[in-house]
Amino acid sequence: MIVILNKDVVKVAREQDTILLRNRVKECATKIGMGLVNQTKLITAASELVRNMLKYANGGIVNIEIVSKGRENGVRLIFVDQGPGIQDINQAMKDGFSTGKSLGLGLPGTRRLVSEFDIKSAVNEGTTISIIKWKNG
């Protein structure tokens, strides 16, 4: 069972908000004693997801939580937008797939950087992506 120890919400409406988000994520990761390599992976994943949120959904909100499961502490980020949604999640999770003019590394690359990854999306309703990076994972 995951227990929430601390929670913060960041509204993302423009590019500058990504800096605030990255700083808050780093603060939480530092607070639990996460090493630099795992911090970098978490911040990179957060940057990719917030970029997608701005590009495809004109922003949204990100819940930042310090969580624990047993003796393990981590940082959970929940990205919520009211955008167009993702038509085919399975296809979107394949390397090389892109609806934009990018390399298509976003979602599958993000999944590889974190400990846990969950995505839910409904066309014309939006997308919610939850990631967790455990301190030692």
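Please refer to the structure placed before this passage.
Residues numbered from 1 in each chain as written. Predicted model: local features only at pLDDT ≥ 70, side-chain atom pairs only at ≥ 80, totals over all residues. Heavy atoms only, no water.

### Notes on the overall build of the protein chain
Okay, so step 1: The number of helices and strands found in the protein chain is four helices and five strands.
Okay, so step 2: When its helices and strands are written in sequence order, the protein chain yields β-α-α-β-β-α-α-β-β.
Okay, so step 3: Relative to a compact globule of 137 residues, whose C-alpha radius of gyration would be 14 Å, the protein chain shows 14 Å and is just as compact.
Okay, so step 4: Expressed as lengths along the three principal axes of its C-alpha atoms, the size of the protein chain is roughly 40 × 25 × 25 Å.
Okay, so step 5: Taken across its 137 residues, the protein chain has 42% of its residues classed as buried.
Okay, so step 6: Across the protein chain, contacts joining residues at least 24 apart in sequence account for 65% of those joining residues at least 6 apart.
Okay, so step 7: Carbon and sulfur atoms make up 51% of the accessible area of the protein chain, which totals about 7600 Å².
Okay, so step 8: Separation of charge centres in the protein chain, based on 20 positive and 13 negative side chains, amounts to 5 Å. (Helix = DSSP H or I, 4+ residues; strand = E, 2+ residues; numbered from the N terminus. Rg over C-alpha atoms; globule rule 2.2 N^0.38 Å. Buried < 20%, exposed > 50% of the residue type's maximum accessible area, 1.4 Å probe, protein only. Contact = heavy atoms within 4.5 Å. Areas by Shrake-Rupley, 256 points an atom, 1.4 Å probe, with all protein chains shown as cover. Lys, Arg positive; Asp, Glu negative; His and termini not counted. Charge placed at Lys NZ, Arg CZ, Asp CG, Glu CD.)

### With respect to helix H1 (residues 17-31)
Okay, so step 1: The end-to-end C-alpha distance of H1, which contains 15 residues, comes to 21 Å, matching closely the 21 Å that a straight helix rising 1.5 Å per residue would cover.
Okay, so step 2: Of all the positions in H1, only Asp-17, Thr-18, Leu-21, Val-25, Cys-28 and Ala-29 are classed as buried. All buried residues of H1 project into a common sector of 105° when viewed along the axis, lining one side. Residues of H1 that are exposed and point more than 90 degrees away from the buried face comprise Ile-19 and Lys-31.
Okay, so step 3: Those residues of H1 that are buried lie in contact with strand S1 (3-12), helix H2 (36-57), strand S2 (60-69) and strand S3 (72-81).
Okay, so step 4: At the C-terminal side of H1, Gly-33 shows a positive phi close to 80°. (Expected span 1.5 Å × (residues − 1). Arc of directions from axis to C-beta.)

### Considering the packing of H1 against H2
Okay, so step 1: Packing of H1 against H2 brings their axes to within 10 Å, and their N-to-C directions diverge by 150°. With respect to H2, the element H1 is oriented roughly antiparallel. Taken as a pair, H1 and H2 cross one another with a handedness that is right-handed. Residue-level inspection shows Thr-18, Leu-21, Arg-22, Val-25, Lys-26, Ala-29 and Thr-30 of H1 in contact with H2, the latter providing Leu-36, Gln-39, Leu-42, Ile-43, Ala-46, Ser-47, Val-50 and Leu-54. (Axes fitted to C-alpha atoms, helices over the stretch in contact; angles between N-to-C directions. Parallel < 35°, antiparallel > 145°, perpendicular 65-115°, else oblique. Left-handed = near helix turned anticlockwise from the far one by under 90°.)

### What to know about the pairing of strand S4 (residues 116-122)
Looking down a regular strand, the side chains alternate between one sheet face and the other.
Okay, so step 1: In the sheet, S4 pairs with strand S5 (residues 126-134) via seven bridges, with the strands oriented antiparallel. Bridged to Ser-121 within S5 is Thr-127.
Okay, so step 2: Where S4 folds back onto S5 in an antiparallel hairpin, the turn is made up of three residues, including Asn-124, whose phi is positive at roughly 65°. (Pairing = 2+ DSSP bridges.)

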